[in-house]
Amino acid sequence: GERLSMTSFTIPVVLDKTYLVVPRPGTQDKFSDQIKKVLAPFTLGLWILLVGIIFCTALLSVWFTDRSAEAMNQNQNDRRMSLQG
């Protein structure tokens, strides 16, 4: 009672009708059907592009990591040589 008198409440101007679609219990999809549902948001071309970008990024990451490791090893070898000689 007291709360209602302290605040003015109004009814919504627009009602949104939202539906939730749920499969019926007992229906079993095959594993291939479940995989298709996961892959459905993107086209085949986009999936190939995504996998290609991930693969290229991984290769570049390894390449740059190896190059920086080689440069560090070279710097350490240079310091050792200068300390010995």
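Residues numbered from 1 in each chain as written. Predicted model: local features only at pLDDT ≥ 70, side-chain atom pairs only at ≥ 80, totals over all residues. Heavy atoms only, no water.

So, about the overall build of the protein chain. Within the protein chain one finds three helices and zero strands. When its helices and strands are written in sequence order, the protein chain yields α-α-α. Taking all 85 residues of the protein chain together, the buried fraction comes to 0%. Entry remark: accessible area of the protein chain is about 8,900 Å², with carbon and sulfur atoms responsible for 65%. (Helix = DSSP H or I, 4+ residues; strand = E, 2+ residues; numbered from the N terminus. Buried < 20%, exposed > 50% of the residue type's maximum accessible area, 1.4 Å probe, protein only. Areas by Shrake-Rupley, 256 points an atom, 1.4 Å probe, with all protein chains shown as cover.)

Side chains of F42, L46, L49, L50 and I53 sit close together on the surface and give an oily, nonpolar patch of about 410 Å² of accessible area. Among the secondary structure elements, L49 is positioned in helix α3 (residues 44-84). (Patch = residues over 30% accessible without salt bridge, like charges linked within 9 Å, V, L, I, M, F, W, Y side chains within 5 Å. Salt bridge = Lys/Arg side-chain N within 4 Å of Asp/Glu carboxyl O.)

With that settled, the discussion passes to the packing of aromatic side chains. Scanning the model with the defined rule gives two aromatic pairs in all. For the ring pair F42 and W47, a centre distance of 5.2 Å and an interplane angle of 65° mean the geometry is edge-to-face. By relative accessible area, F42 is classed as partly exposed at 38%. Since its relative accessible area comes to 26%, W47 is described here as partly exposed. When the centroid spacing of 5.0 Å and the interplanar angle of 50° are considered together, the rings of W63 and F64 count as tilted. (Phe/Tyr/Trp six-rings, centres within 6.5 Å; stacked < 30°, edge-to-face > 60°.)

On to the confidence of the model for the protein chain. For the protein chain, mean pLDDT is 80; residues scoring 70 or higher make up 78% of the total. For the protein chain, per-element mean pLDDT is lowest for helix α1 (residues 2-6), which scores 70, and highest for helix α2 (residues 31-39), which scores 87. (pLDDT = per-residue confidence, 0-100.)

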